[in-house]
Amino acid sequence: MAPYVSHPVRRIRADPTDEQISLVVELDADGDDAALTAMIESASGHVRRELQFNAYLLSIPQTAVDELCDVEHVVRIETANTLSIHSNVADLPDVDDPTGED
């Protein structure tokens, strides 16, 4: 089954650039985050944070959004702007560095 893809993500998918984009991706209950992580890393992106409800905040090049839509068990893809957990998603720390320090 094809995932729900928000309207902004559909527009990016139709006309991508090389710029990075922050997305929220949700997996179904059977989803394996290893497959998602492997795809993201192969596209030169990274998982920034694990969220509730089997969802992940990630950054990938816009050109990889189409491939992301084909990852098995992905049920929803939206821009990170849908998050209300932080006023500026760009300031969220990466999973690798939860302190936000380099």
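Higher on the page you've got the structure.
Residues numbered from 1 in each chain as written. Predicted model: local features only at pLDDT ≥ 70, side-chain atom pairs only at ≥ 80, totals over all residues. Heavy atoms only, no water.

Participant: Whenever I open this one, the overall build of the chain confuses me. Can you help?
Facilitator: In terms of regular secondary structure, the chain is built from three helices and five strands. Counting over 102 residues, the chain shows a buried share of 39%. Considering only intrachain contacts with a sequence separation of at least 6, the fraction spanning at least 24 residues in the chain is 73%. Summed over all atoms, the accessible surface of the chain reaches about 6,200 Å², with 45% contributed by carbon and sulfur. (Helix = DSSP H or I, 4+ residues; strand = E, 2+ residues; numbered from the N terminus. Buried < 20%, exposed > 50% of the residue type's maximum accessible area, 1.4 Å probe, protein only. Contact = heavy atoms within 4.5 Å. Areas by Shrake-Rupley, 256 points an atom, 1.4 Å probe, with all protein chains shown as cover.)

Participant: Whenever I open this one, unusual backbone geometry confuses me. Can you help?
Facilitator: Trans is the prevailing form of peptide bonds, just as negative phi is the prevailing case for residues other than glycine. Within the chain, Phe 53 stands out as a residue other than glycine whose phi angle is a positive 60°. Mapped onto the elements, Phe 53 comes out in the loop between β3 (46–50) and β4 (55–61). Of note in this structure, Asn 54 is not a glycine but carries a positive phi near 60°. Among the secondary structure elements, Asn 54 is positioned in the loop between β3 and β4.

Participant: Sorry if this is basic, but what is going on with the nonpolar core here?
Facilitator: Leu 23, Leu 36, Ile 60 and Leu 68 are the most contacted members of the largest nonpolar core, which totals 22 residues. Sorting the residues of this core by element identifies α1 (7–14), β2 (20–27), α2 (33–42), β4, α3 (65–68) and β5 (74–79) as the ones contributing at least two each. At four residues, β2 tops the list of elements feeding residues into this core. Other than its neighbours up to four places away in sequence, Ile 60 contacts Glu 19, Gln 20, Ile 21, Leu 23, Ile 40, Gly 45, Val 65 and Leu 68. Val 24, Leu 51, Ala 55 and Ala 80 belong to the second largest nonpolar core, which has five residues in total. (Core = buried A, V, L, I, M, F, W, Y, C linked by side-chain atoms within 4.5 Å.)

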